[in-house]
Amino acid sequence: MKLWVDGGLQDAATARVSVLDHGLTVGDGIFETVKATRGRTFALTRHLDRLARSARGLGLPEPDLDEVRRACAAVLDANPMELGRLRITYTGGTSPLGSERGDAGPTLVVALGECARRPDSTAVITVPWTRNERGALTGLKTTSYAENVVALARAREHGASEALFANTVGQLCEGTGSNVFVVLEGRLLTPPVSSGCLAGITRALAVEWTGAEETDLPLDVLERAEEVFLTSTLRDVQAVHRIDGRLLPDAPGPVTAKAMRVFDERAASDLDP
């Protein structure tokens, strides 16, 4: 396996970044995960646009997106596989042991991991911790992911693949790595970005392609919703068949099934929508 580190391909077994990299010491970095099917990326331009937005939000130097594209192409060419998770990581670079950044410049790593297609439906849980919709990192896809690690471990302990958060005012927000949609009285709804959720790439396409409405939703909507589904880069549109102890045995329901079909068709017709 080969990956890209700061200007060129390296073997995964010997590739190195500094132990003083700010992404390691204080989580000062951003990332994107891009789906790659047989070496072809999906929605890469949208992902790179968000990478640049996250860099600006974190105060990192503007990434050279042409270099990032070259790095992605090189990694994909070097590691042929059916379905892959292409991970772009961009950090504050080598810095002092503290919150202040050094002047060595940012670190860019692009890596690829093989993965399998997700099942059509999954189980989720809710967790007692909240997303801060007014935090300094809200809306940025940063490497400060420890609370997601903790929540996802809780989900795994309960036989689920995802954990869902409310925000600080009790509204439904997002999952650890996904956005959430609900069907309520026949309407397809999803929390707005103002709830504190990440502006997911798949989320945006699902809203555009299905006509879903963005609106504030209380967390307990999950107890009443007729259907629930998740969206993310590697899930695409995935139905939910259990939320905590509540079963939705007919998942995917008709609205979700249509959203899955529409997404698959539109994504297949345009790899960079």
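The structure we're discussing is the one just above.
Here's a quick rundown of the structure. Every chain is numbered on its own, with residues counted from 1 as its sequence reads. Whole-chain, interface and lining totals are the exception, using all residues; otherwise, since this is a predicted model, local features are given only for residues with pLDDT of at least 70 and side-chain atom pairs are given and counted only at 80 or more. Side-chain calculation: all heavy atoms of the structure are included, whereas hydrogens and water are not.

**Re the packing of helix H2 (residues 44–58) against helix H3 (residues 65–78)**
The contact between H2 and H3 brings their axes to 11 Å, and the two run at 130 degrees. Looking at the two axes, H2 sits oblique to H3. Where H2 crosses over H3, the handedness of that crossing is right-handed. Side by side, H2 and H3 meet where Leu44, Thr45, Leu48, Leu51 and Ala52 of the first sit next to Leu65, Val68 and Arg69 of the second. Each residue belonging to the contact of H2 with H3 can be placed in one class, and the counts come to six nonpolar, one polar and one charged. Lines fitted to C-alpha atoms define the axes, with helix axes restricted to the stretch in contact, and inter-axis angles between N-to-C directions lie between 0 and 180 degrees. Numbered from the N terminus, helices here are DSSP runs of H or I no shorter than four residues, and strands are runs of E no shorter than two. Here the word oblique covers every angle except those under 35 degrees (roughly parallel), over 145 (roughly antiparallel) and from 65 to 115 (roughly perpendicular). By definition, turning the near helix anticlockwise from the far helix through less than a right angle yields a left-handed crossing, and turning it clockwise yields a right-handed one. Residue contacts are defined here by distance: any two heavy atoms, one from each residue, within 4.5 Å place the two residues in contact. Gly is placed with the polar residues, together with every amino acid not listed as nonpolar (Ala, Val, Leu, Ile, Met, Phe, Trp, Tyr, Cys and Pro) or charged (Asp, Glu, Lys and Arg).

**Notes on unusual backbone geometry**
Between Ala251 and Pro252 the backbone carries a cis peptide bond, its omega angle lying at 0 degrees. Among the structural elements, Pro252 can be located in the loop between strand S15 (246–247) and helix H6 (254–269). A positive phi angle is found at Asp6, which is not glycine, with a value near 45 degrees. Relative to the helices and strands, Asp6 resides in the loop between strand S1 (2–5) and strand S2 (8–11). Burial classes follow relative accessibility: with a 1.4 Å probe on protein chains only, a residue under 20% of its type's maximum area counts as buried, one over 50% as exposed, and anything between as partly exposed. With relative accessibility at 44%, the residue Asp6 sits in the partly exposed group.

**Section: the packing of H2 against helix H5 (residues 201–210)**
How two helices pack is summed up by the angle between their axes together with the distance between the axes. Across the interface, H2 lies against H5 with an axial gap of 10 Å and an inter-helix angle of 125 degrees. Regarding the angle of H2 to H5, the classification is oblique. Seen from above, H2 lies across H5 with right-handed handedness. Facing Arg46, His47 and Arg50 of H2, the residues of H5 in contact are Ile201, Ala204, Leu205 and Glu208. Grouping the constituent residues of the contact of H2 with H5 by class yields three nonpolar, one polar and three charged.

**Description of the pattern of salt bridges**
Each reported salt bridge corresponds to a side-chain nitrogen of Lys or Arg within 4 Å of a carboxyl oxygen of Asp or Glu. Going through the model one piece at a time under the given rule, you end up with 14 salt bridges. A salt bridge links Arg131 to Glu147; the nearest nitrogen and oxygen atoms lie 2.4 Å apart. Linking Arg131 in strand S7 (residues 121–131) with Glu147 in helix H4 (residues 146–157), this pair joins segments that are 16 residues apart in sequence. On the basis of relative accessibility, which here comes to 8%, the residue Arg131 falls in the buried class.

**What to know about H4**
For an α-helix, the turn length of 3.6 residues means that residues three or four places apart are oriented alike. Taking 1.5 Å per residue, twelve residues should reach 16 Å; H4 reaches 17 Å between its end C-alpha atoms and fits that length. Residues Asn148, Ala151 and Ala155 constitute the buried set of H4. End-on, the buried residues of H4 take up no more than an arc of 70 degrees, which puts them together on one face. Away from its buried face by more than 90 degrees, H4 exposes Ala146, Val149, Arg156 and Glu157. Elements in contact with the buried residues of H4: S7 and strand S8 (162–167). Each residue after the first adds 1.5 Å to the expected span of a helix. By definition, the arc is the one covered by directions from the helix axis to the C-beta atoms.

**Some words on the side chain of Thr107**
Residue placement: Thr107 occurs in strand S6 (residues 107–114). Taking the relative accessible area as the measure of exposure, Thr107 reaches 8% and is therefore buried. Of the polar contacts made by the side chain of Thr107, one reaches the side chain of Asp21; its length is 2.6 Å. Residues in contact with Thr107, not counting those within four places in the same chain, are Asp6, Val17, Asp21, Thr89, Tyr90, Thr91 and Gly93. Each polar contact in these results corresponds to two N or O atoms within 3.5 Å; when the atoms are within protein, one needs to be able to donate a hydrogen and the other to accept it, and residues that are neighboring in sequence are counted only if both atoms are side-chain atoms.

**Side note on the sheet that holds S2**
Taken in spatial order, the six strands of this open sheet run S2-S1-S6-S5-S3-S4, and their pairing is antiparallel. Only two strands of the sheet have a single partner each, and these edge strands are S2 and strand S4 (40–41). In this sheet, strand S5 (residues 83–91) lies alongside strand S3 (residues 29–37) in antiparallel orientation, the contact comprising nine bridges. Within S5, the residue paired with Ile30 across the bridge is Tyr90. Those strands touched by H2 are S3, S4 and S5, and its axis lies near 175 degrees from that of S3. Between any two strands, at least two bridges found by DSSP are needed for them to pair.

**Remarks on the state of the cysteines**
When two cysteine sulfur atoms lie within 2.5 Å, the pair is treated as a disulfide. All chains considered together, the criterion is met by zero disulfides. Not part of a disulfide, Cys72 finds its nearest cysteine sulfur in Cys115, a span of 15 Å.

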